[in-house]
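Below, each chain spelled out in residue letters.
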Amino acid sequence: MSNTPFTTAVSDAGVRLEGRTVAVVGAYGHTGRFVVAELRRRGATPILVGRDLEKLEALRALAPGAPVRVASTGDAASLDRALDGASAVVNAAGPFLETSLPVADAALRAGIPYLDVAAEQGVSAALFDTYGDRAREAGVVIAPSLAFYGGLGDLLATAALGDWPDADEITLAYGLDSWHPTHGTRRTGETNAGQHLVYTGGELRPFDYSQDVFPWDFPEPLGTQDAQAFATADQVTLPRHVRTPEVRAVMNLAPLRDIRAEDTPEPRPADAVGRSAQTFLVEAVVRRGTETRRAVAGGQDIYAVTAPLVAEALERVLDGRGGAPGVRAAGEAFDAADFLRALAPEHLTRLDLPARLAV
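The shown structure was predicted, so the numbers you read here are calculated from the model rather than taken from an experiment. (Residues numbered from 1 in each chain as written. Predicted model: local features only at pLDDT ≥ 70, side-chain atom pairs only at ≥ 80, totals over all residues. Heavy atoms only, no water.)

**A look at the sheet that holds strand β15 (residues 326-327)**
Read from one edge of the open sheet, seven strands run β3-β2-β1-β4-β5-β6-β15, paired in parallel fashion. Each end of this open sheet is capped by a strand with a single partner; those strands are β3 (68-70) and β15. Note: strand β4 (residues 88-91) against strand β5 (residues 114-116), three bridges, orientation parallel. By the bridge assignment for β5, V90 is matched with L115. Set on the sheet, helix α3 (residues 76-83) makes contact with β1 (21-25), β2 (45-50), β3 and β4; between it and β3 the angle comes to about 170 degrees. Contacting β1, β4, β5 and β6 (141-143), helix α11 (residues 306-318) crosses the sheet at an angle of about 160 degrees to β4. (Pairing = 2+ DSSP bridges. Helix = DSSP H or I, 4+ residues; strand = E, 2+ residues; numbered from the N terminus. Contact = heavy atoms within 4.5 Å. Axes fitted to C-alpha atoms, helices over the stretch in contact; angles between N-to-C directions.)

Shown next as structure tokens:
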């Protein structure tokens, strides 16, 4: 069980999901607990879904009144029972290579929106490639990778694009002061080994793991740091709605060393809501001809910030601001600049949008 503290109180402003019941698959995982807390803060009633009844019951003590439903992604009937009566489902159960498609199938059978926080590129690609027609027929939105790796970069790049219909290149630069991986991140790394992709030359191609180190100029306060190429879900989602031949991602070396070291500990709570002390800065750089546009976001704890990202997306899907039914990337489904501003300054302590979008 995660040692993440849990804020049970719902804020006065947290009523935007009032009356909504949201199934959270993987509710007792590290990120799942943040998602449950954020949904409650916004007035929703979460349905706590997972395989371990004892862990679910312990979590319910911290989320009074939340229904508990035991389900396995290998048992379709149990998933159907878990989603019964839900307005939507958020899948926070990794590894997503094992869970996303079964839970998305259950959402389609229930006729409710499916959102996940997957970072695995193959999962997002599979949903886009094979679930679009089914989602449209069912009249629901499927929104994958609404997380730090995926949704945030997609929204930043889309906001930076503005009125440009296309781009010659999109670069996402991830600057983290550290990366203490959760147990789920470790498991995902094991199941996803050898399956990373990059988007180059107008198509997804296998990721080259033999990478060079190069200097990269991050926004202040990080400045110039050694970096390497990185594979992220944004490289799958962005080309689905932006015409561009290149989506590249880079990351500074400090977090890469952490994630590659076997003895790096899991994240530890550093504040009252359970966030670690980790800080992040993400810059989207969009180039078209000789002109470049940029958007920057910064904050604390890559796992914790995933919760408001997916909860904000859920609000917009349920109130009709998520676009037409189908499989949708974050920047395609939502007004990117408006979405990002809704997360600042509480969840994004820094947000630098192009001047034309700043107000």
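**Concerning the side chain of E120**
Within the secondary structure layout, E120 lies in the loop between β5 and α5 (121-130). If we skip the residues at most four places from it in the chain, E120 touches P95, F96, L97, T188 and N192.

**Side note on the pairing of β4**
Burial along β4 is two-sided: the face carrying A88 and V90 and the face carrying V89 and N91 are both buried. Across four bridges, β1 lies against β4 in parallel orientation. Residue pairing for β4: V25 is matched across the bridge by N91. Of the crossover connections in this fold, the one passing from β4 over helix α4 (residues 96-110) to the parallel β5 is right-handed. (Buried < 20%, exposed > 50% of the residue type's maximum accessible area, 1.4 Å probe, protein only. Right-handed = clockwise from strand over helix to strand, strands pointing away.)

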